[in-house]
Every structure is written in structure tokens, then in C-alpha cells.
Amino acid sequence: MKSQLITTNNINLHVMTDGPENGPAVFLLHGFPEFHYGWKNQIPALVEAGFRVIVPDQRGYNLSDKPKGVSAYDVDILAKDIVGLFDHFGIQKAKLVGHDWGAVVAWTIAINHPERLEKLAILNVPHPDVMTDFVLHNPAQRKKSWYVFFFQIPWFVEWMLSKNNFEYLGRMLTRSGRKSTFTEADVVEYKKAWSQKGALTGMLNWYRSVMRRGLRSAFSKKKPARRVHVPTMMLWGKRDVALSSEMAQPSIDLCDEGDLTFFDKSTHWVQHDASVEVNQKLIEFMK
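Predicted model only: the values in this text are computed from it and were never measured.

Conventions we followed
Residues numbered from 1 in each chain as written. Predicted model: local features only at pLDDT ≥ 70, side-chain atom pairs only at ≥ 80, totals over all residues. Heavy atoms only, no water. 1 Å grid on protein atoms, 1.4 Å probe; cavity = no way out; pocket = protein on both sides within 12 Å on 5 of 7 lines; lining within 4 Å. Points joined across faces, edges and corners; volume = space filled by probe spheres on them. Helix = DSSP H or I, 4+ residues; strand = E, 2+ residues; numbered from the N terminus. Nonpolar A, V, L, I, M, F, W, Y, C, P; charged D, E, K, R; others polar. Patch = residues over 30% accessible without salt bridge, like charges linked within 9 Å, V, L, I, M, F, W, Y side chains within 5 Å. Areas by Shrake-Rupley, 256 points an atom, 1.4 Å probe, with all protein chains shown as cover. Salt bridge = Lys/Arg side-chain N within 4 Å of Asp/Glu carboxyl O. Buried < 20%, exposed > 50% of the residue type's maximum accessible area, 1.4 Å probe, protein only.

Engineer: Lay out empty space enclosed by the protein in plain terms, naming residues and giving numbers.
Structural biologist: Taken as a whole and assessed by the stated rule, the structure comprises 1 cavity of 30 Å³ or more. Taken as a whole, the largest cavity spans an internal volume of roughly 30 Å³. Taken together, Y73, D74, V75, L78, W101, W206, S209, V210 and R213 make up the lining of the largest cavity. A per-element tally of the lining of the largest cavity places helix α9 (residues 199–218) first, with 4 residues. Broken down by class, the residue content of the lining of the largest cavity amounts to 6 nonpolar, 1 polar and 2 charged.

As C-alpha cells, this is what we get:
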């Protein structure tokens, strides 16, 4: 794999690439609290299938820039970071895969910049308008989203999550998966990324920014949910402790051309838990 720093949208993103340079490009977007390493089970399979795989550390994460201030992490800005990568690699219409926050960015690109996407694959995250609706009107989902509210507290949360060599954040990660989802070696890699200067605050600022945005939209006039015109495939692990699978179907209903697959035994980390099946689905869909 090749590692490089690429300037996009006035910041530098650390990007890993692999596979044939003339192969069809697939972008993989990680979520919280992962980094490019979160796709370690997908990259070799996609490369073997002939794809050129492009995997950034998103803004605030690992070796990418970590601009100061919550407003630097607005989801529209995060989407422009990735569109800038499409431009850098000379890709007019991209194939895009997102998990967790990476999926939020992917949905946003599909909504704001549909002309830049050929295919959209979403792992375990609802359409943003469905998520907003559920958090506002579904007490069960609000309860599941408790950590989003906890993450709003500045300084204290950083201290809490990082003390004893990120013990608490490591536990949050491993306990939200199955026993086999994350190995000890995986957690070591994640801790290296979390301990980069400014990374923890950068990562948390994604949550802080979306909360400010959510409060603004909660008090503004309700608009109809935005439709997605890009061909979309959703893969959803049903044992997700944070996001209700009830949000999956309403999300795919907002897609002109959508396909939804549930993984009954997988957690939020479906690309780790069912990597072989997920890889197969991604390759079929992207081809």
C-alpha cells in the first residue's frame, strides 16, 4: 500500500492507495473511532478483484490535518474533503463506500454532489434525514444515542476517553462488537491513531458539529426528506447497539434505486464481522 498526503479543501488528508492504477477506483470512508485501518479486511479483496482502492484518514483522524474549532467539522465541509480527493485522482464519477461517520459523509456527497457518484454503498448508517427524525421522535433511538450527548462535553470527555492509555475508548469499541470483532492487535493500532496530537478532539468534533447542526434544523421549518438519485446498496448488521435497524428500510425507500441486505448476526462493525460476505456484496455491486 502506498501512503501519501494530499491537499484537498484547504487541508491535508493522509491517504492510502492500493491496486492497479488503471483499475476502477473505489473510495472507502471509515467512521468513529477508526481510521483507514478499519478497512483492512476489504482492501485485499477489492484489489484482487481488480479495483484501485483509495482509503483516506478523514479530517481530524490519525495522520490527517486536525483543524481547530467545531465548525471545521460540519458535514458539508467533510463531504467537500472527499470530492476534492475525486478531483485529485481525476475521477469524475466515483464508487463510494462508507461506514458509520464515513457513511454520513457518503450520504451527504450523494445528496449534495450526486453528479460525482456512480455507486454508493452504505454500511450500518441511516439516511441523515431518517436519523434526525428518529432521534427527535423515537425515544428508543434517543436512548441508544446517549453517547452522542455525552460527547458534547468539552475537555472532560477527552480526559475520560484517553486516561489509562485510552482504556475507556478501547472498551467502548470492543464491547460494541462481538468477542471476535476486534483483536488485541487491532486495539493497539487504534490506540496509536487516537494518540496523535489533537486527534481525539478532532474525532469528537464530528459529533459536536452535527449536534449544533441538528439543533438548528430542529427549530427550523420541517423540509421533506431529501431523495438519493445514485444507485445505492445498504448492508446492515442487525446487532448494532447504537443504531436501530428500523431506520434501514425508510432510508432505502428514499433511494431511487436501492438494495438492502441485513446481516442477522453482525454488529455495527459489519465489515469486520461478516467480511467475506460484505466483500462479495461490494465487489458484485461495484462491478
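There's more to say after this.
Engineer: Give me the lowdown on a nonpolar patch on the surface, citing residues and values where you can.
Structural biologist: On the surface, a nonpolar cluster with roughly 310 Å² of combined accessible area is contributed by I153, F156 and W159. On the accessibility criterion, W159 (49% relative accessible area) is partly exposed.

Engineer: Describe the layout of surface pockets, listing the residues and the values that go with them.
Structural biologist: The space that makes up the second largest pocket amounts to roughly 200 Å³. As for the second largest pocket, its lining consists of K66, P67, K68, G69, V70, Y73, K197, G198, T201, G202 and N205. For the lining of the second largest pocket, the residue count by class is 3 nonpolar, 5 polar and 3 charged.

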